[in-house]
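Coordinate inspection notes
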Amino acid sequence: MQIRLNPVTLITGAGSGIGAGCAQDLARKSTGGLLLADVDEAALGLVADELDAAGVSPERVSTLAFDVSDIERWGQAAAFIQSQYGRLDWAVVNTSAANTPAPAPSDLVDWGRTTSAQLEATIQSLRTIMPLMARNSQGGAIVVTTSAAAIKAEPLAPNSGPGLLQVMRAASREAAHSNVRINAIAPGGAATPMWNEMPWFQDLVRETGDENAAFERIAQMPRALARYAQGGDVNRLILMLLAEEAPITGATLVVDGGGTL
């Protein structure tokens with residue numbers, strides 16, 4: 001990644017999963033400061049402690065515990081970032097934790113209600129982050145996380161991805177005038193802690209002996225799958241999309257080993 005002068009990074013959903021993994025990878029590069037946002041204050045504290053223990057924490061790290069769908073709290077966050085850091089260069093908008101569990105079955109009438117949490121969180125995040133980055137002469141880069149299901153014809157109720165991707169594309173077109181690039185990454189169920197919340201996956205772990213064996217079993221299911229994605233795979237590609245050398249905006253990078261084919 002090309003080095004900026006003291007870049008400042010913001011990661012939402014930083015308390016676990018992809019967000020926490022990105023914090024580990026981006027901490028070393030965020031010499032101007034790192035901001036970690038999540039609704040779970042205790043989880044944010046643990047991530048910050050882990051960065052410090054690993055010796056990768058930049059000089060300035062801030063934890064912002066708030067609901068990223070709350071526009072008023074975003075206003076406070078923006079004021080804090082501007083006053084304490086003076087700029088924002090990179091951002092990972094990871095709002096998957098904002099998903100509202102969907103009732104089943106559902107239809108188009110229910111779709112807006114069941115998917116509004118993640119979409120609202122993404123919209124409010126972008127509308128705050130974009131103006132902050134637009135003030136930089138160098139602009140900035142944002143990566144929005146979603147799911148590979150966003151490009152599949154899945155049942156509508158649990159899948160807010162298609163709408164989220166359209167929001168990302170519209171935002172990227174608007175932000176291009178300010179030299180701010182916005183892209184999305186769509187993992188196909190990468191190996192992150194969210195799997196432990198799924199009873200069927202826990203059953204598979206018990207059946208196969210451990211998590212790695214469970215993922216190998218999933219990879220052998222009757223669908224096209226070259227290799228099951230790990231959290232580190234997703235993090236590396238997020239870093240690539242943030243890099244100055246990546247002349248990409250408005251794109252969605254699907255990371256699923258062929259699972260959506």
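For the structure, see preceding data.
What counts, and at which threshold
- Residues numbered from 1 in each chain as written.
- Predicted model: local features only at pLDDT ≥ 70, side-chain atom pairs only at ≥ 80, totals over all residues.
- Heavy atoms only, no water.
- Phe/Tyr/Trp six-rings, centres within 6.5 Å; stacked < 30°, edge-to-face > 60°.
- Buried < 20%, exposed > 50% of the residue type's maximum accessible area, 1.4 Å probe, protein only.
- Core = buried A, V, L, I, M, F, W, Y, C linked by side-chain atoms within 4.5 Å.
- Helix = DSSP H or I, 4+ residues; strand = E, 2+ residues; numbered from the N terminus.
- Contact = heavy atoms within 4.5 Å.
- Expected span 1.5 Å × (residues − 1).
- Arc of directions from axis to C-beta.
- Polar contact = N/O pair within 3.5 Å; in protein donor to acceptor, adjacent residues only side chain to side chain.

The geometry of an aromatic ring pair is captured by the separation of the ring centres together with the interplanar angle, meaning the angle of the planes. A complete count under the given rule lists two aromatic pairs for this structure. Consider the rings of Phe66 and Trp74, whose centres lie 5.1 Å apart with planes at 85 degrees: the pair is edge-to-face. This pair shows no difference in class: Phe66 is buried, exactly as Trp74 is. Each ring, one from Phe80 and one from Tyr85, has its centre 6.2 Å from the other, and the planes form 65 degrees; the classification is edge-to-face. Of the residues examined, Tyr85 reaches a relative accessible area of 10% and is grouped as buried.

Ranked by internal contacts, the top residues of the largest apolar core, which has 32 residues, are Leu10, Ile129, Ile142, Val144 and Ile182. Elements that contribute at least two residues to this core include exactly β1 (8–12), β2 (33–38), α3 (71–84), β4 (90–94), α4 (108–134), β5 (140–145), α5 (161–175) and β6 (180–187). If one sorts the elements of this core by residue count, α4 sits on top with seven residues. When sequence neighbours within four positions are dropped, the list of residues in contact with Val144 reads Val93, Thr122, Leu126, Leu164, Met168, Ile182, Asn183, Ala184 and Ile185. If you look at the next biggest cluster of nonpolar residues, it comprises 25 residues, including Ala14, Trp90, Ile238 and Leu239.

A few words now on helix α2 (residues 41–54). With 14 residues, α2 ought to run about 20 Å at 1.5 Å a step, and its terminal C-alpha atoms sit 20 Å apart, in line with that. For α2, the complete set of buried residues consists of Ala43, Leu44, Val47, Ala48 and Leu51. For α2, the angular spread of the buried residues around the axis is 140 degrees, confining them to a single face. For α2, the exposed residues set more than 90 degrees away from the buried face come down to Ala42, Leu46, Asp49, Asp52 and Ala53. The elements touched by buried residues of α2 are α1 (17–27), β2 and β3 (61–65). Two or three places before Ala42, at the start of α2, stands the capping residue Asp40, its side-chain oxygen 3.2 Å from that residue's backbone nitrogen.

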